[in-house]
Amino acid sequence: LWGAIPCTAGCSWHRVNKARARQGLLPEFFEKHKRTWKDFRILFKNFVELSSIVQKNVAYSKIAFEWPQFNDLWRNKQVKLWLAAANLQSVCFNGCMVGVVSKRKKPILKPWKVVTDCDQIVQAFLGKKAVKNKKGVCSCGTKKHDQARGGDTKGTGSYPSKMTDLIHEAIRKA
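Described in the following lines is the structure provided in the data block.

Thresholds applied
- Residues numbered from 1 in each chain as written.
- Predicted model: local features only at pLDDT ≥ 70, side-chain atom pairs only at ≥ 80, totals over all residues.
- Heavy atoms only, no water.
- Helix = DSSP H or I, 4+ residues; strand = E, 2+ residues; numbered from the N terminus.
- Buried < 20%, exposed > 50% of the residue type's maximum accessible area, 1.4 Å probe, protein only.
- Contact = heavy atoms within 4.5 Å.
- Phe/Tyr/Trp six-rings, centres within 6.5 Å; stacked < 30°, edge-to-face > 60°.
- Salt bridge = Lys/Arg side-chain N within 4 Å of Asp/Glu carboxyl O.
- Pairing = 2+ DSSP bridges.
- Polar contact = N/O pair within 3.5 Å; in protein donor to acceptor, adjacent residues only side chain to side chain.

Observations regarding the overall build of the protein chain
Scanning the protein chain from terminus to terminus reveals five helices and four strands. Mapped from its N terminus to its C terminus, the protein chain presents α and β elements in the order β-α-α-β-α-β-β-α-α. Each principal axis of the C-alpha atoms in the protein chain carries an extent, and together these give about 55 × 45 × 25 Å. Residue burial in the protein chain is summarised as follows: out of 174 residues, 40% are buried. Within the protein chain, counting contacts between residues at least 6 apart in sequence, those at least 24 apart form 69% of the total.

Here we look at the packing of aromatic side chains
In the structure shown here, the tally under the stated rule is 17 aromatic pairs. Consider the rings of Phe 65 and Trp 67, whose centres lie 4.7 Å apart with planes at 80°: the pair is edge-to-face. Each member of the pair, Phe 65 together with Trp 67, is buried. Aromatic side chains Phe 93 and Phe 125 sit 4.2 Å apart centroid to centroid with 25° between the ring planes, which places their arrangement in the stacked category. Placement of the pair is Phe 93 in strand β3 (residues 89-94) and Phe 125 in helix α4 (residues 119-126), with a sequence separation of 32 residues. In this structure, Phe 93 and Phe 125 share a single accessibility class: buried.

Quick notes on the pattern of salt bridges
Under the defined criterion, the tally for this structure stands at five salt bridges. Measuring nitrogen to oxygen at the nearest pair gives 3.0 Å for the salt bridge that ties Glu 49 to Lys 45. Residue Glu 49 and its partner Lys 45 are both found in helix α2 (residues 29-57); the two are separated by four residues, about one turn of the helix. Residue class for Glu 49 comes out partly exposed when judged on its relative accessible area of 39%.

Notes on the sheet that holds strand β2 (residues 64-68)
Reading across the sheet, the four strands line up as β1-β2-β4-β3 and stay open at both edges, with mixed pairing between neighbours. For this open sheet the edge positions go to β1 (2-3) and β3, each flanked by a neighbour on one side alone. In this sheet, strand β4 (residues 111-116) lies alongside β2 in antiparallel orientation, the contact comprising five bridges. Among the inter-strand pairings, Ala 64 is bridged to a residue of β4, identified as Thr 116.

Description of the pairing of β2
For β2, the buried fraction is high: five of the five residues fall into the buried class. Pairing geometry for β1 and β2, over two bridges, is parallel. Paired with Gly 3 across the two strands is Phe 65, which belongs to β2.

Here we look at the side chain of Glu 66
Mapped onto the elements of the fold, Glu 66 is located in strand β2. Side-chain polar atoms of Glu 66 contact the side chain of Trp 112, separated by 2.7 Å.

Points about the side chain of Thr 116
Position of Thr 116 relative to the elements: it lies in strand β4. Overall, Thr 116 belongs to the buried group, its relative accessible area being 0%. Here the side chain of Thr 116 touches Ile 63 through a polar contact of 2.6 Å, landing on its backbone oxygen. Apart from residues no more than four positions distant in its own chain, Thr 116 is found in contact with Ile 63, Ala 64, Leu 88, Gln 89, Ile 121 and Val 122.

Written as structure tokens, this is what we have:
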């Protein structure tokens, strides 16, 4: 079971927009904010229930769940309780290493985190953490990444083929 619910309620751009809204620059923000939290609570509760059913009733089950690595929702009380109870391991990696690019086709660093009870998924993403060498070149091959902002933000929520291939291969090996 792979979980990937919207992370909007805890994203860093959400924090930026909240600060701007407090200055009166985004009057519609607080209504949207309420909706994103409501959606998060419903979807996360449903995922937790479904993952529990799968783990209890499917002979050989594995679960995985992903969000951006630094999303505030990882620190949410309900999320932390579920993580502790589910006994999952985590693996962090960068989008540029799995094919995330901007509309200009430039790599986007996007730090991702997957929590799972599937060793094969952890192994698939272990070597996908971006590292810069002494010359400032990222292990993805670029010196400069585009940011996940503006028109590129929404696209980083989709999985590129390289990432889905890694996931599918890990599941086949599990």
